[in-house]
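Below, each chain spelled out in residue letters.
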Amino acid sequence: DSGVTQTPKHLITATGQRVTLRCSPRSGDLSVYWYQQSLDQGLQFLIQYYNGEERAKGNILERFSAQQFPDLHSELNLSSLELGDSALYFCASSARVGRADEQYFGPGTRLTVT
Amino acid sequence: GESVGLHLPTLSVQEGDNSIINCAYSNSASDYFIWYKQESGKGPQFIIDIRSNMDKRQGQRVTVLLNKTVKHLSLQIAATQPGDSAVYFCAENPGNQFYFGTGTSLTVIP
């Protein structure tokens, strides 16, 4: 158990819909990262937050948005869902930035868009 | 865009043998590289990292080699065990971005 929690574990929804994925970082970690893992694209970095502020943005679509709240939990919002958005979405947290050895991944949310 | 690719998608080794997993990266500006292990049904797990000012780094049963001249990274696992069966990803971290390879599936044969 990494200490990072993600909810829900599984999510099935239809095209065009909007969903929210939630991540609670490890106690004391200020940074949260979101990743998407799909069969055709592999693992891709989406976005990073540090203490509530956006720190880095990767291959995140305009239909997707995220935020980190004062209590440090984070939410990833996916809208106008397409079949290609079906993937595993991982959240990771770390105390500091720039240190992969301090980054712990959650168990992921499996999103299926039908 | 950036490209981090693996040479072999699958690798099978006998228990006790050494494993070598290779990775090519494309961004000459990358200064930090990471290897991850992902077991079935779980999130990626950090194994070892290396900065560009080094060409070798050792951990517990694992060694990472970095060849900046040919932009190549490798992960060596000594005395491979059944618990090492997983998908292994390399990643490069230029600046504040992360780019991942497609992954190599390692199967350890008892």
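Please refer to the structure higher up on the page.
About the thresholds
Throughout this document, residue positions are counted from 1 along each chain, in the order its sequence is written. Think of it this way: whatever chain is written first is A, whatever ligand is written first is 1, and the rest follow in order. For a predicted model such as this one, the threshold for reporting local features is a pLDDT of at least 70, and the threshold for listing and counting side-chain atom pairs is 80 or more; totals across whole chains, interfaces and linings nevertheless cover every residue. The side-chain figures draw on all heavy atoms in the structure; neither hydrogens nor water molecules are used. Any two strands are treated as partners once DSSP identifies two or more bridges connecting them. Helix numbering and strand numbering both begin at the N terminus, where a helix is a DSSP run of H or I of at least 4 residues and a strand a DSSP run of E of at least 2. It only takes one pair of heavy atoms within 4.5 Å for two residues to be counted as in contact. Defined here as a combined quantity, buried area equals the accessible surface (1.4 Å probe) lost by two parts on assembly, summed across both. A carboxyl oxygen of Asp or Glu within 4 Å of a side-chain nitrogen of Lys or Arg is what we treat as a salt bridge. Identification of polar contacts relies on pairs of N or O atoms within 3.5 Å, with a donor-acceptor requirement for protein atoms, meaning one able to donate a hydrogen and the other able to accept it, and with residues adjacent in sequence counted only if both atoms are side-chain atoms. Under the scheme applied, nonpolar residues are Ala, Val, Leu, Ile, Met, Phe, Trp, Tyr, Cys and Pro; charged residues are Asp, Glu, Lys and Arg; polar residues are all the others, including Gly.

Draft legend 1. Looking closely at the pairing of strand β7 (residues 62-67) of chain B. Residues and elements named next belong to chain B. With three bridges connecting them, strand β6 (residues 56-58) and β7 associate as antiparallel partners. Along β7, the bridge assignment pairs Gln-58 with Thr-63. Connecting β6 to the next strand, β7, in antiparallel fashion are three residues, including Arg-61 with a positive phi near 65°. As judged from the six bridges shared by β7 and strand β8 (residues 72-77), these two strands associate in the antiparallel manner. Its bridge partner being in β8, Thr-63 is matched across the sheet by Gln-76.

Draft legend 2. Region of the structure containing the interface of chain B and chain A. With 16 residues of chain B in contact, the opposing surface of chain A contributes 18 residues. The three residues of chain B that bury the most area against chain A are Pro44(B), Phe98(B) and Phe100(B), which together make up 36% of that side's buried surface. Along the contact surface separating chain B from chain A lie zero salt bridges. Viewed at the interface, chain A and chain B are joined by four residue pairs in polar contact (both at pLDDT 80 or more). If you list the elements that add at least two residues to the side of chain B that touches chain A, you get β4 (32-38) and β5 (45-51) of chain B. When residues of the side of chain B that touches chain A are assigned to their parent elements, the largest contribution, four residues, is made by β4(B). Each residue belonging to the side of chain B that touches chain A can be placed in one class, and the counts come to eight nonpolar, five polar and three charged.

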